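Structural features, examined
What follows is the residue order along each chain.
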Amino acid sequence: MGNSKSNRKSGSVAAGGAPDEPAWKSRPMPPSDGMGGAGPLKYSVVVPFYNEEDVVENLYRRIVRVMRHEGAPYEMIFVNDGSKDSTAAVLERIALADERVTFVDLRRNFGQTTAIQAGFDQARGEIIIAMDGDLQHDPYEIPLFIKKIDEGYDIASGWRIRRGDNLLLRRLPSRTANWLLAKVSGVKLHDFGTTFKAYRREVLEGVRLYGDMHRFVPALCARLGAKIVEVPIKNVRRKAGRSNYGISRTFRVALDILMLRFITGYLTRPLHFFGKWSLGCGLIGAGILVFGLCRKLAAAFEHRKFDLFGVHGPLMALGFMLLVIAMLFLATGLIGELLMRIYFESTQARTYAVRRLVRKGSAQGNG
Ligand code: UDP
Ligand code: MG
C-alpha cells in the first residue's frame, strides 16, 4: 500500500501472465511493502480475529456461501491477532484446506486496527471488504456493499441502523462520537464506528492505519476525494465470546478525533494551525506588556513612584507567559513544517490523489 508504483508494476505483470493458470492460484507471497499488486482477483474479504474460536468456522462457511454467487475470483484474508484460544489452530486448518484463504498469524495481540492493516497488506483483490470476525457482521450483506462499489463509489461504509448493543455504554457514546466525527471531518456519515466496509483498492493505497484509526478511513480517504456511500446493515448481538472494548474506548476516540481534525485540516500546513494560536497568544501577551510599559512611562513623566508588579502583578505574569506560549506554538509549527516535508518526501506520499490520467494513447487510474 505504501509504494503504489511497484504495486502497479507487479499488478500489470500478473494480469498479463499465463492465461491457463490464474496468478492467484500459484499464491506468491506479495511484497511486504504493499498490498501485493492487483492480480486477476476481484474480491478480498479481510477479517481480524481475537479469541473467536466459537464462530470462525461458521463465518468462513457463510463467506464462501455468499461469495460463490458473485461469480468472480476472490480470496479471504484471515488475521489472527494473537488470540489466546484455539482461533489460530482453526484458521490454520481452514487455510490449509482452502487455497482461497490466506492466514496471517500475528505474533502477539496488536489490536484491531493493526490486524486489519496486516490483512490489507496481503490483500490482492480489486475490491477489499473488511468485516468483524465475531459474526456481528453478517456475510450475507456483502453483496450490498459490492453493488455500491460497482455503481461507482470508492467506499461503501456500513451503517448499523438497529444495534444490538447496550444503550448507555455503547450506543450513546457512539452516537455522540459519530456526530462529532461528521462535524470535524466534514464527511456526512451516520456511523463511523463499524468496520464492515468495502473499499476500492486504490483508495486504501493512500492511507495507512495507526492507533485506532480504522474508524476514520472514510474521513481520511475523503480528504483524497474518495466517493463514499452508506449501506444500512444489521448489527446482531454478539452470540459467542465477548466484546473487546468497554467505556474506556470513548476517551481514545475523543483523542483520535482531535488527531483527525489535524490530519484532515492541517497535515500539509502545520504552521497555519500553530501559527494561528501563536499569533493570538503573542498579540494578547504583547498588548499586556505594552499596557504595563505605558503605565510605567506615564508615572515616570509625572515623577511619581509606581510599583507596576505590585499593582498589576498577575496581569504582567500573564503577559510574559502568553509571549512564551506564543514562541512555543511558533516553534512547534516550524518543527511541524519540517516533519511534514520529511514525511512526504521520505514516504513519497503525495499531497494529492489523481482519479484518472488521460493522454492520447493511454488511460489509467491512479491511487
Ligand atoms: N479484534 C482484534 N484484535 C483486538 C480486538 C478485537 O482483531 O485486539 C477483532 C475481534 O475479533 C472482532 C473485531 O475485531 O472480529 C471487533 O471486535 P469486538 O467485537 O470486540 O468489538 P465491538 O464489535 O464490540 O465493537
Ligand atoms: Mg463485535
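Residues numbered from 1 in each chain as written. Chains lettered and ligands numbered in written order. Predicted model: local features only at pLDDT ≥ 70, side-chain atom pairs only at ≥ 80, totals over all residues.

**A short note on the overall build of the protein chain**
Helix and strand counts for the protein chain stand at twelve helices and nine strands. By the burial criterion, 39% of the 367 residues in the protein chain qualify as buried. (Helix = DSSP H or I, 4+ residues; strand = E, 2+ residues; numbered from the N terminus. Buried ≥ 20, exposed ≤ 12 C-beta atoms within 10 Å, placed from the backbone.)

**Side note on the site of ligand 1**
Taken together, 16 residues lie near ligand 1, and Pro 48, Tyr 50, Gly 133, Ser 243 and Asn 244 sit nearest. For the shell around ligand 1, the elements supplying multiple residues, two or more each, are strand S1 (43–49) and helix H5 (112–122). For the shell around ligand 1, the class distribution of residues is five nonpolar, seven polar and four charged. (Near = placed C-beta within 6 Å. Nonpolar A, V, L, I, M, F, W, Y, C, P; charged D, E, K, R; others polar.)

**Notes on the packing of helix H11 (residues 270–301) against helix H12 (residues 308–346)**
Relative orientation of the contacting elements H11 and H12 amounts to 155 degrees, with a least axis distance of 7 Å. With respect to their mutual orientation, H11 and H12 come out roughly antiparallel. In this structure, H11 meets H12 at a crossing whose hand is left-handed. (Axes fitted to C-alpha atoms, helices over the stretch in contact; angles between N-to-C directions. Parallel < 35°, antiparallel > 145°, perpendicular 65-115°, else oblique. Left-handed = near helix turned anticlockwise from the far one by under 90°.)

**A short note on the nonpolar core**
Formed by 68 residues in total, the largest nonpolar core has its most connected members in Val 46, Phe 78, Ile 128, Ile 129 and Ala 198. In this structure, Phe 78 is in contact with Val 47, Phe 49, Leu 91, Ala 95, Val 101 and Phe 103, ignoring residues within four places of it in sequence. Core analysis: the second largest hydrophobic core is formed by five residues, Phe 274, Cys 281, Ala 326 and Phe 329 among them. (Core = buried A, V, L, I, M, F, W, Y, C linked by C-beta atoms within 7 Å. Contact = placed C-beta atoms within 7 Å.)

**Comments concerning the packing of helix H7 (residues 167–185) against helix H10 (residues 249–266)**
Following both chains from N to C, one finds H7 and H10 inclined at 10 degrees, their axes separated by 10 Å at the closest point. Here H10 runs roughly parallel to H7, going by the angle between their axes. Two secondary-structure elements touch here, H7 through Pro 173, Ala 177, Leu 180, Leu 181, Val 184 and Ser 185 and H10 through Thr 250, Val 253, Ile 257, Leu 260, Arg 261 and Thr 264. Its residues assigned to classes, the contact of H7 with H10 comprises eight nonpolar, three polar and one charged.

**Brief notes about H10**
Compared with an ideal rise of 1.5 Å per residue, which puts 18 residues at 26 Å, H10 spans 25 Å between its outermost C-alpha atoms and is within 8% of the ideal. Along H10, the positions that sit buried rather than exposed are Val 253, Asp 256, Ile 257 and Leu 260. For H10, the angular spread of buried residues about the axis comes to 115 degrees, placing them on one side. Those residues of H10 that are exposed and aimed more than 90 degrees away from the buried face are Phe 251, Leu 255 and Leu 258. Along its buried surface, H10 packs onto H7 and helix H9 (217–223). (Expected span 1.5 Å × (residues − 1). Arc of directions from axis to C-beta.)

**Quick look at the confidence of the model for the protein chain**
In this model, the protein chain carries a mean pLDDT of 82, and residues with pLDDT of at least 70 account for 86%. Taken as a whole, residues 1–39 scores under 50 in pLDDT and shows 64 contacts with residues more than four places along the chain or in a different chain. (pLDDT = per-residue confidence, 0-100.)

**Overview of H5**
In terms of burial, H5 is largely enclosed, as eleven of its eleven residues are buried. The inward-facing, buried residues of H5 abut S1, strand S2 (74–80), strand S3 (101–105), strand S4 (127–130) and helix H8 (201–205).

**Points about the pairing of S2**
Within a regular beta strand, the side chains point alternately toward one face of the sheet and then the other, so they alternate between its two faces. Most of S2 is tucked away: seven of the seven residues are buried. Judged by which residues are buried, S2 turns out to be covered on both faces: Tyr 74, Met 76, Phe 78 and Asn 80 on one side and Glu 75, Ile 77 and Val 79 on the other are all buried. In terms of strand pairing, S1 meets S2 through seven bridges, oriented parallel. What sits directly across from Phe 49, in S2, is Asn 80. Chirality of the crossover, the property in question, places the unit of S1, helix H3 (residues 56–67) and S2 among those that are right-handed. Bridge count for S2 against S3 is five bridges, and the pairing is parallel. Each residue of the ladder has a partner; that of Asn 80, found in S3, is Asp 105. (Pairing = 2+ DSSP bridges. Right-handed = clockwise from strand over helix to strand, strands pointing away.)

**Quick notes on the environment of Phe 274**
Inspection of the secondary structure puts Phe 274 in helix H11. Along the sequence, Phe 274 and Ala 326 sit 52 residues apart, while their C-alpha atoms lie 9.0 Å from each other. Residues in contact with Phe 274, not counting those within four places in the same chain, are Phe 329, Leu 330, Thr 332, Gly 333 and Gly 336.

**Focus on the pairing of strand S6 (residues 197–200)**
Side chains Lys 197 and Tyr 199 project from S6 onto one buried face, and the interleaved Ala 198 and Arg 200 project onto a second face that is buried too. Judged from the four bridges that link them, S4 and S6 form a sheet pairing that is antiparallel. Across the sheet, residue Ile 129 finds its bridge partner in S6, namely Ala 198.

**Comments concerning the environment of His 137**
Here His 137 shows up in the loop between S4 and helix H6 (142–150). Between the C-alpha atom of His 137 and that of Gly 158, which follows or precedes it by 21 residues, the distance is 9.4 Å. Not counting the four nearest positions on each side in its chain, His 137 is found in contact with Met 131, Asp 132 and Phe 196.

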